[in-house]
Amino acid sequence: MNRPSVDAGDLRWGWACPRCETDASVARDPGTGTFRWECDADDCDTVGFGFTSRRQARLALKEYREQYQNIYR
Ligand SMILES: [Zn+2]
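All of the points below concern the structure found in this document. (Residues numbered from 1 in each chain as written. Predicted model: local features only at pLDDT ≥ 70, side-chain atom pairs only at ≥ 80, totals over all residues.)

1. Examining the overall build of the protein chain
Item 1. Secondary structure assignment for the protein chain yields 1 helix and 3 strands.
Item 2. Starting at the N terminus and walking to the C terminus, you meet the elements of the protein chain as β-β-β-α.
Item 3. When burial is assessed residue by residue, the protein chain has 12% of its 73 residues classed as buried. (Helix = DSSP H or I, 4+ residues; strand = E, 2+ residues; numbered from the N terminus. Buried ≥ 20, exposed ≤ 12 C-beta atoms within 10 Å, placed from the backbone.)

Encoded structure:
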């Protein structure tokens, strides 16, 4: 089986805030060289930062979502 390597960018879940489902932005912080994701909604301050790569930020966002959903299950 010759499967192309799966990059985090290919995963089906996207950049959505775990709390309000608004799109979240991911950006590289030029000051620290790390990546961060941030909810775009004005009334929501959900954010994660300090990730070494875009992929790490995405994985962290997924984990955040899972933890958040566990709390309210
Ligand atoms: Zn949000």
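2. Some details on the environment of Arg-54
Item 1. Residue position: Arg-54 is located in helix H1 (residues 54-71).
Item 2. Separated by 19 residues in sequence, Arg-54 and Phe-35 place their C-alpha atoms 6.2 Å apart.

3. Thoughts on the pairing of strand E2 (residues 35-39)
Item 1. The alternating pattern of E2 places Phe-35, Trp-37 and Cys-39 on a buried face, while none of Arg-36 and Glu-38, on the opposite face, is buried.
Item 2. Between strand E1 (residues 24-28) and the antiparallel strand that follows it, E2, lie 6 residues; Gly-33 among them carries a positive phi value of about 75°.
Item 3. When E2 meets strand E3 (residues 47-51), the two strands line up antiparallel, connected through 4 bridges. For Arg-36, the partnering residue across the bridge sits in E3 and is Phe-49. (Pairing = 2+ DSSP bridges.)

4. As for the nonpolar core
Item 1. Listed in full, the 8 residues of the largest apolar core are Cys-17, Ala-24, Phe-35, Trp-37, Cys-39, Phe-51, Ala-57 and Leu-61.
Item 2. For this core, the secondary-structure elements that each account for two or more residues are E2 and H1.
Item 3. Considering each element in turn, this core owes the most residues, 3 residues, to E2.
Item 4. Those residues in contact with Phe-51 that sit more than four places away from it in its chain are Thr-34, Phe-35, Arg-36, Gln-56, Ala-57 and Ala-60. (Core = buried A, V, L, I, M, F, W, Y, C linked by C-beta atoms within 7 Å. Contact = placed C-beta atoms within 7 Å.)

5. Here we look at the pairing of E1
Item 1. Pairing of E1 with E2, which is carried by 5 bridges, proceeds in the antiparallel orientation. Bridging across to E2, Ala-24 finds its partner in Cys-39.

6. A short note on the sheet that holds E1
Item 1. Overall, antiparallel pairing links the 3 strands, which are arranged E1-E2-E3 in an open sheet. Edge strands, defined here as strands with exactly one partner in the open sheet, are E1 and E3. Averaged over all pairs of adjacent strands, the angle between strand axes in this sheet comes to 15°, irrespective of strand direction. (Axes fitted to C-alpha atoms, helices over the stretch in contact; angles between N-to-C directions.)

7. Observations regarding unusual backbone geometry
Item 1. In this model, Glu-21 sits at a positive phi of 65°, which is unusual for a non-glycine residue.
Item 2. Its location among the elements puts Glu-21 in the segment before E1.

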